Amino acid sequence: MRIDILTIFPEMFESPFNHSIIRRAKQKGIVEIFTHNIRDYSQNKQKSVDDYAFSGGAGMVMMIEPIALCIDKLKSERTYNEIIYMSPDGHLLDQKTANHFSTFENIIILCGHYKGVDERVREIYITKEISIGDYVLSGGELGAAVFCDAIIRLIPGVLNDETSALSDSFQDNLISPPVYTRPADYKGHKVPEILLSGNEKLIKQWLMEKSLERTKERRPGLL
Ligand code: SAH
């Protein structure tokens, strides 16, 4: 998968994309991530990327020209499955959406700032809008990093144990059961007996029961 990210703060991605699973996915050649500084596509001397809103009021709006130039250049080089705008009024990101996007070859992600991007960017270029929750962030970068993490870990070959993403919460509409490791007894707080029994069948059954119990309790809507 190739991900092209349009941003005015490319440095914000340095840390999230250079550790842990995403770093491993890049090293394995499973994913390539390119950040593009929208400012580099600004046509004016000041290299500005925003301007006052025609509607007046506080807050600047990201101009269409630099964004359009950058997207046109990328589109002339390859075909993209989706051109995504990170936006609080977009489709709420969930596991089903992450699964869907993890199958794509090439995607573009546009990160907004200030009051957002000129509406015509959305009309002309954007094919999908994604929100990471019903709250407003200062910019699209953190949302894009969350979105990338959620989809990259699902690409086959990224996680060592291929089945481990399948047993995560929300796959199969269930919440994960609780997990424990050593010590079996921490200051009197004991690991459930059954997990120490070595009886695989009973353990499996217990995990399923706990999973259902948690889902009923915490996310009944999933059932
Ligand atoms: N004025 C806009 C908010 C702009 S916030 C409104 O009220 O809808 C600035 C930028 O942050 C947005 O352009 C978007 O790219 C990003 N952003 C803010 N909240 C987000 C969220 N919940 N999910 C994804 N991106 C978000």
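**Student:** Would you mind going over the site of the ligand in detail, with residue names and values included?
**Tutor:** The full set close to the ligand counts 19 residues, and Tyr85, Met86, Gly112, Tyr135 and Leu137 are the nearest of them. Tyrosine 135 has a polar backbone atom sitting 2.8 Å from a nitrogen atom of the ligand. Backbone polar atom of glycine 139 to an oxygen atom of the ligand: 3.5 Å apart, as the coordinates give it. Contact with the protein chains covers 84% of the free accessible surface of the ligand, which is 560 Å². Taking a 2 Å distance to the grid points as the criterion, the majority of the atoms of the ligand fall inside the largest pocket. Elements supplying a minimum of two residues to the shell around the ligand: β5 (82–92) and β7 (128–131). When residues in the shell around the ligand are grouped by element, the largest group, four residues, is from β5. For the shell around the ligand, the per-class residue count stands at nine nonpolar, nine polar and one charged.

**Student:** Go over the domain arrangement of the protein chain with me, naming the residues and quoting the values.
**Tutor:** For the protein chain, the assigned domains are domain 1 (2–152) and domain 2 (167–222). Each of domain 1 and domain 2 has a C-alpha centre, and these two points are 37 Å apart.

**Student:** Account for the nonpolar core, naming residues and giving values.
**Tutor:** Within the largest apolar cluster, 31 residues are counted, with the highest numbers of intra-cluster contacts made by Ile3, Ile5, Ile109, Phe147 and Ile152. The dominant element in this core, judged by the number of residues it contributes, is helix α5 (residues 140–152), at seven residues. Ignoring anything within four residues of it in the chain, the contact list for isoleucine 109 reads Ile3, Asp4, Ile5, Leu6, Ile84, Met86, Ala144, Phe147 and Cys148. The next biggest cluster of nonpolar side chains, apart from the first, holds 21 residues, and it includes Ala68, Leu74, Ile83 and Val117.

**Student:** How would you sum up the pattern of salt bridges? Please name residues and give values.
**Tutor:** Pairs may arise between side chains of opposite charge once their charged atoms sit close together. As enumerated under the stated definition, the model contains 10 salt bridges in all. The closest approach of N and O atoms between aspartate 89 and arginine 122, which form a salt bridge, is 2.9 Å. Highlighted residues: aspartate 89 in strand β5 and arginine 122 in helix α4 (residues 119–124), separated in sequence by 33 residues. Put simply, Asp89, Glu119, Arg122 and Glu129 are held in one network by salt bridges that share partners.

**Student:** Describe the layout of surface pockets, naming the residues involved and giving the relevant values.
**Tutor:** When its volume is computed, the largest pocket comes out at roughly 330 Å³. Lining the largest pocket we find 23 residues, and of these Tyr85, Met86, Ser87, Pro88 and Leu137 sit closest to its centre. Per-element accounting of the lining of the largest pocket gives the leading share, five residues, to β5. Taken as a whole, the second largest pocket holds about 270 Å³ of empty space. Together, 16 residues line the second largest pocket, and Tyr52, Ala53, Phe54, Val61 and Asp118 are the ones closest to its centre. Counting residues per element, the ones that place at least two in the lining of the second largest pocket are β3 (50–52), β4 (60–62) and α4. Across the lining of the second largest pocket, the residue classes break down as eight nonpolar, three polar and five charged.

**Student:** An account of the pairing of strand β1 (residues 2–7) is needed here, citing residue identities and associated values.
**Tutor:** The element β1 is extensively covered by neighbouring structure, given that six of its six residues are classed as buried. The side-chain alternation of β1 yields two buried faces, one formed by Arg2, Asp4 and Leu6 and the other by Ile3, Ile5 and Thr7. Sheet topology places β1 next to strand β2 (residues 32–37); six bridges connect them, and they run parallel. Among the inter-strand pairings, isoleucine 5 is bridged to a residue of β2, identified as threonine 35. What joins β1 to β2 is helix α1 (residues 20–27), and the crossover it makes is right-handed. Of the pairings in the sheet, the one linking β1 to strand β6 (residues 106–110) comprises five bridges and is parallel in character. Of the residues in β6, the one forming a bridge with isoleucine 5 is isoleucine 109.

**Student:** Break down the sheet that holds β6 for me, with residues and values.
**Tutor:** Within the open sheet, the five strands sit side by side as β2-β1-β6-β5-β7. Their pairing is parallel. Of all the strands in the sheet, just β2 and β7 have a single pairing partner and so form its edges. On average, each strand axis in the sheet is inclined to that of its neighbour by 30°, with strand direction left out of account. In the packing of helix α2 (residues 64–77) onto the sheet, contacts are made with β1, β2, β5 and β6, and the angle to β1 comes to roughly 165°.

Quick notes on the rules
- Residues numbered from 1 in each chain as written.
- Predicted model: local features only at pLDDT ≥ 70, side-chain atom pairs only at ≥ 80, totals over all residues.
- Heavy atoms only, no water.
- Near = heavy atom within 4 Å.
- Polar contact = N/O pair within 3.5 Å; in protein donor to acceptor, adjacent residues only side chain to side chain.
- Areas by Shrake-Rupley, 256 points an atom, 1.4 Å probe, with all protein chains shown as cover.
- 1 Å grid on protein atoms, 1.4 Å probe; cavity = no way out; pocket = protein on both sides within 12 Å on 5 of 7 lines; lining within 4 Å.
- Sits in = over half its atoms within 2 Å of the grid points.
- Helix = DSSP H or I, 4+ residues; strand = E, 2+ residues; numbered from the N terminus.
- Nonpolar A, V, L, I, M, F, W, Y, C, P; charged D, E, K, R; others polar.
- Domains from an automatic or database assignment.
- Core = buried A, V, L, I, M, F, W, Y, C linked by side-chain atoms within 4.5 Å.
- Buried < 20%, exposed > 50% of the residue type's maximum accessible area, 1.4 Å probe, protein only.
- Contact = heavy atoms within 4.5 Å.
- Salt bridge = Lys/Arg side-chain N within 4 Å of Asp/Glu carboxyl O.
- Points joined across faces, edges and corners; volume = space filled by probe spheres on them.
- Pairing = 2+ DSSP bridges.
- Right-handed = clockwise from strand over helix to strand, strands pointing away.
- Axes fitted to C-alpha atoms, helices over the stretch in contact; angles between N-to-C directions.

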